[in-house]
Amino acid sequence: MKNIKKVIILLLIGFIIAQFFGPDKNEGDLASIDAFMAETNPPEDVKIILKDACIDCHSDVTKYPWYNNITPVNYWLESHVKDGKKHFNLSNWEGNSVKRKDHKFEELIEMVEDKEMPLNSYTWTHSEARLTDAQIKSVVDWAKLVRIKYGLEPKPE
């Protein structure tokens, strides 16, 4: 029994010390998504959906919940944000080729239609990010229009 008590105390001390460490936060400025918004021109309803369901993990503008202050939860959240930005980053939109932008919208359509985005682990704590069928249709319709636009732009040789 004494050994179990010592192990629990050591684990508790380790947990407390870990609270002083954490990953860097991904807190950018909303201006970082201006180029994306201007270029893709989402309608107002889609802008709201992007704000509620996408921007936290797919841009440099992350609003962290209170539980992000708890280690190891903060590392788990940061890995989700990094992964989200790796796949689709609204903050560095200008740096992408038309071909890449078109491909990202193709992926967006597929992921939203298949209800793979937003992630269930995100919607558990962000109920406003749960998309209705009407919202999915709005996002997909907008994304298809953007893809048409990218198809009309000249491709670099």
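Residues numbered from 1 in each chain as written. Predicted model: local features only at pLDDT ≥ 70, side-chain atom pairs only at ≥ 80, totals over all residues. Heavy atoms only, no water.

Visitor: Please clarify how the overall build of the protein chain should be interpreted in this entry.
Guide: Across its full length, the protein chain carries 7 helices and 0 strands. Considering the protein chain as a whole, with its 157 residues, one finds that 34% of them fall into the buried category. Nonlocal contacts in the protein chain, meaning residues at least 24 apart in sequence, comprise 78% of its contacts between residues at least 6 apart. Counting only carbon and sulfur atoms, one obtains 61% of the accessible surface of the protein chain, whose full area is about 10,300 Å². (Helix = DSSP H or I, 4+ residues; strand = E, 2+ residues; numbered from the N terminus. Buried < 20%, exposed > 50% of the residue type's maximum accessible area, 1.4 Å probe, protein only. Contact = heavy atoms within 4.5 Å. Areas by Shrake-Rupley, 256 points an atom, 1.4 Å probe, with all protein chains shown as cover.)

Visitor: Honestly, the environment of aspartate 141 in this entry has me stumped. Any pointers?
Guide: Positionally, aspartate 141 belongs in helix H7 (residues 133–152). Taking relative accessible area as the criterion, aspartate 141 reaches 33% and is therefore assigned partly exposed. A C-alpha to C-alpha distance of 8.7 Å links aspartate 141 and isoleucine 109, two positions 32 residues apart in sequence.

Visitor: How should I be thinking about the pattern of salt bridges in this particular structure?
Guide: Between side chains of opposite charge, a pair can form when the charged atoms approach closely. Enumeration according to the criterion identifies 9 salt bridges in this entry. Two residues, lysine 47 and glutamate 44, come together in a salt bridge whose shortest N-O distance is 3.3 Å. Placement of both lysine 47 and glutamate 44 in helix H3 (residues 44–53) is noted, with a separation of 3 residues, approximately one turn of the helix. Note on lysine 47: relative accessible area 31%, which makes it partly exposed. Looking at glutamate 44, the relative accessible area reads 54%, which means it is exposed. Between aspartate 102 and arginine 147 there is a salt bridge; the shortest N-O distance is 2.8 Å. Residue aspartate 102 is found in helix H5 (residues 98–113), and its partner arginine 147 is found in helix H7; the two are separated by 45 residues along the sequence. With a relative accessible area of 27%, arginine 147 lands in the partly exposed category. (Salt bridge = Lys/Arg side-chain N within 4 Å of Asp/Glu carboxyl O.)

Visitor: Can you help me understand a negative patch on the surface in this one?
Guide: Taken together, Glu106, Glu110, Glu113, Asp114 and Glu116 make up a surface patch of like negative charges. The topology assignment puts aspartate 114 in the loop between H5 and helix H6 (120–123). According to the relative accessible area criterion, aspartate 114 is partly exposed, its value standing at 46%. (Patch = residues over 30% accessible without salt bridge, like charges linked within 9 Å, V, L, I, M, F, W, Y side chains within 5 Å. Lys, Arg positive; Asp, Glu negative; His and termini not counted. Charge placed at Lys NZ, Arg CZ, Asp CG, Glu CD.)

Visitor: Sorry if this is basic, but what is going on with H5 here?
Guide: Because the α-helix completes a turn every 3.6 residues, residues three or four places apart line up on one side. The end-to-end C-alpha separation of H5 is 22 Å, in line with the 22 Å expected for 16 residues at 1.5 Å each. All of the buried residues along H5 are Val98, Lys101, Asp102, Lys104, Phe105, Leu108, Ile109 and Val112. Across the axial projection of H5, the buried residues extend over an arc of 160°, all falling on one side. Just downstream of H5 lies lysine 115, where phi reads positive at about 60°. (Expected span 1.5 Å × (residues − 1). Arc of directions from axis to C-beta.)

Function cannot be inferred from these measures alone, as they are strictly geometric.
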